[in-house]
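Structural features, examined
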Amino acid sequence: QVQLAESGGGLVQAGDSLRLSCAASERNDYAMAWFRQAPGKEREFVAAISWSGASTSTADSVKGRFTISRDIGKNTVYLQMNSLKPEDTAVYYCATSRYWWLNFSPANMNYWGKGTLVTVSS
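In short, a report on the structure. (Residues numbered from 1 in each chain as written. Predicted model: local features only at pLDDT ≥ 70, side-chain atom pairs only at ≥ 80, totals over all residues. Heavy atoms only, no water.)

1. Description of the pairing of strand S5 (residues 44-49)
A large share of S5 lies buried, amounting to 5 of its 6 residues. Counting the residues that bridge the hairpin from strand S4 (residues 31-37) to S5 gives 6 residues, and of these glycine 40 lies at a positive phi of roughly 75 degrees. Of the strand pairs in this sheet, S5 and strand S6 (residues 56-58) are connected by 3 bridges, and their pairing is antiparallel. Counterpart to alanine 48 in the pairing with S6 is serine 57. The turn joining S5 and S6, which pair antiparallel and follow one another in sequence, is formed by 6 residues; a positive phi near 90 degrees is taken by glycine 53. (Buried < 20%, exposed > 50% of the residue type's maximum accessible area, 1.4 Å probe, protein only. Helix = DSSP H or I, 4+ residues; strand = E, 2+ residues; numbered from the N terminus. Pairing = 2+ DSSP bridges.)

Following this line, the structure appears as structure tokens:
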């Protein structure tokens, strides 16, 4: 069973940047993705990357601001978040999937981290 640990969250001001990290306990060939969940809202897809890093997918709401990347040697996935907005405030989770999906959803994922909180003040 793959264990995932997110880090890098915190309190920032609007317009600032953050980089989240997700370290996997072992090398794997899963696709990996970031989701987020704001208070009172459903968990939503943010970005995904294939096991090789050759393919990525990004939600329209963050496209052009967030970038997902992967360091296979370190078993780590990153989410670079620029130009943060208050509406980006949420707990951010990383997760794995055996398959690459046209549309990633929480139901498609097999392993989850515990999340890291990102708070963006206006």
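2. Observations regarding the packing of aromatic side chains
Tallying each qualifying case throughout the model produces 7 aromatic pairs. Judged by centre distance (6.0 Å) and plane angle (50 degrees), the rings of tyrosine 30 and tyrosine 111 are tilted. Of this pair, tyrosine 30 sits in the loop between strand S3 (18-24) and S4 while tyrosine 111 is found in strand S10 (residues 111-112), placing the two residues 81 residues apart along the sequence. A relative accessible area of 10% means that tyrosine 30 is categorised as buried. Ring centres of tyrosine 93 and tryptophan 112 lie 6.3 Å apart, and the angle between their planes is 85 degrees; on these two criteria the pair is classed as edge-to-face. Of this pair, tyrosine 93 sits in strand S9 (residues 90-97) while tryptophan 112 sits in strand S10, and the two are 19 residues apart along the sequence. A relative accessible area of 28% places tryptophan 112 in the partly exposed class. An aromatic cluster is defined as three or more aromatic residues linked by ring pairs; in this entry it consists of Phe35, Phe45, Tyr93, Trp100, Phe104 and Trp112. Above the plane of the ring of tyrosine 93 lies arginine 43, whose end atom (NZ or CZ) is 3.8 Å from the centre. (Phe/Tyr/Trp six-rings, centres within 6.5 Å; stacked < 30°, edge-to-face > 60°. Lys NZ or Arg CZ within 6 Å of the ring centre and 35° of its normal.)

3. A look at the layout of surface pockets
Put simply, the largest pocket is a space of about 150 Å³. As for the largest pocket, its lining consists of Arg36, Gln37, Ala38, Lys41, Glu42, Glu44, Ser61, Glu87, Asp88, Thr89 and Ala90. (1 Å grid on protein atoms, 1.4 Å probe; cavity = no way out; pocket = protein on both sides within 12 Å on 5 of 7 lines; lining within 4 Å. Points joined across faces, edges and corners; volume = space filled by probe spheres on them.)

4. A word on the environment of proline 106
Its location among the elements puts proline 106 in the loop between S9 and S10. Here the alpha-carbon distance between proline 106 and tryptophan 34, two residues 72 residues apart in the chain, equals 10.0 Å. The residues touching proline 106, leaving out its near neighbours within four places in the chain, are Phe35, Arg43 and Trp112. (Contact = heavy atoms within 4.5 Å.)

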